[in-house]
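# Commentary on secondary and tertiary structure
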Amino acid sequence: MSFLVESLLERLDEETGISLANTEVKATYANGGIEIYLWNQLLLLIDDVEEDALDDDSFAEEVWDIILDEFYDVREKLVELKLASLNADYLPALSTNLMTLLEAQKLDKKLLNILDILFEDISSADKDFGLPKVGVRFTDFEGVKVVVPVDISKKPYNFDAKTIATEFDKRFKSKV
């Protein structure tokens, strides 16, 4: 692990309350620049840098200053990247499983054809520290919006499609 990654892990935790594992932050040298990824999502690209900068403490300080300048709210950016990661890495399989379960629950076919499923931040507006509370949002973009909370604080994630589908069904029927 490079000094830059170690430094970012520490500073991101202090600034945002979001503790990342060293496997969740990646800094790589490519094409004369350094790319920094969180959860396999690009956070920052810095051009015209030497490869040995990954282990330079003054460069790590410079990177942190760039992050603070680039992102008004660093935690908000991390939350955005975390949601993008969840939606890219877990949503495709989860959506497929959920749709199969919802079809078995005899939901209206028209609704199922237009139902959009997505991970979203469901934290209160004043939350400004730590991981967000996340839910699986189901919507038809008109009258239906149901959010089922899921736990992203424990790894590996356990997004139980059956539990989520059952909870969706309960919440959906209570609104109709």
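Keep in mind that this is a model prediction, so the values were computed, not measured. (Residues numbered from 1 in each chain as written. Predicted model: local features only at pLDDT ≥ 70, side-chain atom pairs only at ≥ 80, totals over all residues. Heavy atoms only, no water.)

### Overview of the pattern of salt bridges
- Inspection of every chain in the model, using the stated rule, returns 10 salt bridges.
- The residue K77 makes a salt bridge to E80 at a minimum N-O spacing of 3.0 Å. Of the two residues, K77 and E80 are both situated in helix α3 (residues 74–89); the distance of 3 residues between them amounts to about one turn of the helix.
- Classification of K77 as buried rests on a relative accessible area of 16%.
- E80 sits in the partly exposed class, given a relative accessible area of 45%.
- Here D169 ties to K173 by a salt bridge, and the two come within 3.1 Å at their closest N and O atoms. Of this pair, D169 and K173 both sit in helix α6 (residues 161–175), separated by 4 residues, roughly a single helical turn.
- Under the relative-accessibility criterion, D169 is labelled buried at 14%.
- A cluster of three or more residues bridged by salt bridges with shared partners is formed by D116, E120, R137 and K145. (Salt bridge = Lys/Arg side-chain N within 4 Å of Asp/Glu carboxyl O. Helix = DSSP H or I, 4+ residues; strand = E, 2+ residues; numbered from the N terminus. Buried < 20%, exposed > 50% of the residue type's maximum accessible area, 1.4 Å probe, protein only.)

### Quick notes on the pairing of strand β5 (residues 134–139)
- In terms of residue burial, β5 counts as a mostly covered element, since 6 of its 6 residues are buried.
- On β5, burial covers both faces: V134, V136 and F138 on one face and G135, R137 and T139 on the other are all buried.
- Here strand β4 (residues 116–121) runs beside β5; their pairing, made up of 6 bridges, is antiparallel. Residue pairing in the sheet places D116 in a bridge with T139 of β5.
- Looking at chain direction, β5 and strand β6 (residues 145–150) are connected through 6 bridges and run antiparallel. By the bridge assignment for β6, G135 is matched with P149.
- Once β5 ends, the chain turns through 5 residues before running back antiparallel as β6, passing F141 with a positive phi of about 65°. (Pairing = 2+ DSSP bridges.)

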